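The chain contents come next:
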Amino acid sequence: MKKLPIIIFSLIFLTSCSTAEQPVAQSLGSVPSCDQIDISKTNNKKLEMPCLDGSSVINFHSIKGPIIINVWGSWCEGCREEMPYLVDLYATEKFVSGKIKLLGIDVEESTLDAGPNFIKSHSMTWPHLLDIDSKSKFVFGMGVPVTWFIDANGEVTYKHIGAYRTKKELFDHVQKYFKVKL
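Every chain begins its residue count from 1, and numbering advances along the sequence as written. Per-residue local features are limited, in this predicted model, to residues with pLDDT of at least 70; the limit for side-chain atom pairs, both in listing and counting, is 80 or more; totals at the level of whole chains, interfaces and linings are taken over all residues. Side-chain metrics rest on all non-hydrogen atoms present in the structure, leaving aside hydrogens and water.

Novice: Go over the overall build of the protein, please, and point to the residues and values.
Specialist: Summing up its helical and strand segments, the protein has six helices and seven strands in all. Here the term buried applies to any residue with accessible area under 20% of the maximum for its type, exposed to any over 50%, and partly exposed to those in between, with areas from a 1.4 Å probe on protein chains only. For the protein, the proportion of its 182 residues judged to be buried stands at 43%. By sequence separation, contacts in the protein at least 24 residues apart represent 67% of the contacts at least 6 residues apart. Note on areas: Shrake-Rupley with a 1.4 Å probe; residue coverage comes only from the protein chains shown. For the protein, the exposed area adds up to about 10,200 Å²; of that, 56% sits on carbon and sulfur atoms. Where helices and strands are cited, they refer to DSSP runs of H or I of at least four residues and of E of at least two residues respectively, numbered from the N terminus. Any pair of residues with heavy atoms lying within 4.5 Å of one another is described as a contacting pair.

Novice: Give a detailed account of the packing of helix H2 (residues 77-90) against helix H6 (residues 167-178), specifying residues and quantitative values.
Specialist: It is at 9 Å that the axes of H2 and H6 come closest, and there the two elements cross at 45°. The angle between H2 and H6 falls in the class oblique. Where H2 crosses over H6, the two elements pack in a sense that is right-handed. Across from Tyr85, Leu86, Asp88 and Leu89 in H2, the residues of H6 making contact are Lys167, Leu170, Phe171 and Val174. Side-chain classes are defined by residue name, with Ala, Val, Leu, Ile, Met, Phe, Trp, Tyr, Cys and Pro counting as nonpolar, Asp, Glu, Lys and Arg as charged, and the others, Gly among them, as polar. Residue composition of the contact of H2 with H6, grouped by class: six nonpolar, no polar and two charged. Geometry is summarised by axes, namely lines fitted to C-alpha atoms with helices restricted to the contacting stretch, and by angles between N-to-C directions that run from 0 to 180 degrees. For this classification, under 35 degrees means roughly parallel, over 145 means roughly antiparallel, 65 to 115 means roughly perpendicular, and everything else is oblique. Left-handed describes a crossing whose near helix is turned anticlockwise from the far helix through less than a right angle; right-handed describes the clockwise counterpart.

Novice: Residue-level account of unusual backbone geometry, with values.
Specialist: Here the amide bond leading from Gly65 into Pro66 is cis, since omega sits at 5°, within 30 degrees of zero. Note that Pro66 resides in the loop between strand E2 (57-59) and strand E3 (67-72). Positive phi values are uncommon outside glycine, yet Glu108 reaches one of about 55°. Relative to the assigned elements, Glu108 resides in the loop between strand E4 (101-107) and helix H4 (114-121).

Novice: Residues and numbers for the state of the cysteines, please.
Specialist: Two cysteine sulfur atoms form a disulfide, by the criterion used here, when they sit within 2.5 Å. Inspection of the entire model under this criterion finds one disulfide. Each sulfur in the disulfide pair Cys34 and Cys51 lies 2.1 Å from the other. Between Cys34 and Cys51, the disulfide has an S-S torsion of 90° and is therefore right-handed. Taken together, the residues span a long stretch of sequence, with Cys34 in the loop between helix H1 (3-16) and strand E1 (48-50) and Cys51 in the loop between E1 and E2 at a distance of 17 residues. Overall, the relative accessible area of 3% leaves Cys34 in the buried class.

Novice: I'd like a rundown of H6, residues and numbers included.
Specialist: One fewer than the residue count of a helix, multiplied by 1.5 Å, yields its expected span. Taking 1.5 Å as the rise per residue, H6 with twelve residues should run 16 Å; its terminal C-alpha atoms sit 16 Å apart, in good agreement. Within the sequence span of H6, burial applies to Leu170, Phe171, His173, Val174 and Phe178. End-on, the buried residues of H6 take up no more than an arc of 155°, which puts them together on one face. Turned more than 90 degrees away from the buried face of H6 sit Lys168 and Lys176, all of them exposed. Summarising the contacts, the buried residues of H6 are in contact with E3, H2, strand E6 (146-150) and strand E7 (156-161). Looking at the residues trailing H6, positive phi occurs at Lys179, about 50°. Directions drawn from the helix axis to the C-beta atoms are what define this arc.

The structure is reproduced here in structure tokens:
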């Protein structure tokens, strides 16, 4: 009879273990996949970040444009303020048809579920990378939000530091730097 509590404890302990190989957002529901991001295999620079859905790891320097990259954190007030404008932008025809891509990079979260919860609560249906070890600050700088516009040739055509204060400001920048009509 004394062995029964030990056996029960052992079974509970063994069935509750998990591996470090689990996707970041596996238990958190639907987080957009990174499979729509175009990647070039020819870049020698490395800045690898996992997709927030856990499906892959992407080298930032291999991402092909045209693409908008928005660096954000769930803890960032400016990120929360501008997110409705990015949601509206992503719903436009240019993004829906895939002519321009949008990619988020989630930085400096205090927990693994903070980013996915923020994505779901703000209806952010585009893919996101997770900067686990803050390496992206060497590319984007220390503060967030930061938004980069990268053209089809992989050139950064514009860097917006800080939050977009109006939807019009964001939409005007997309039209100007991608030469499209929204």
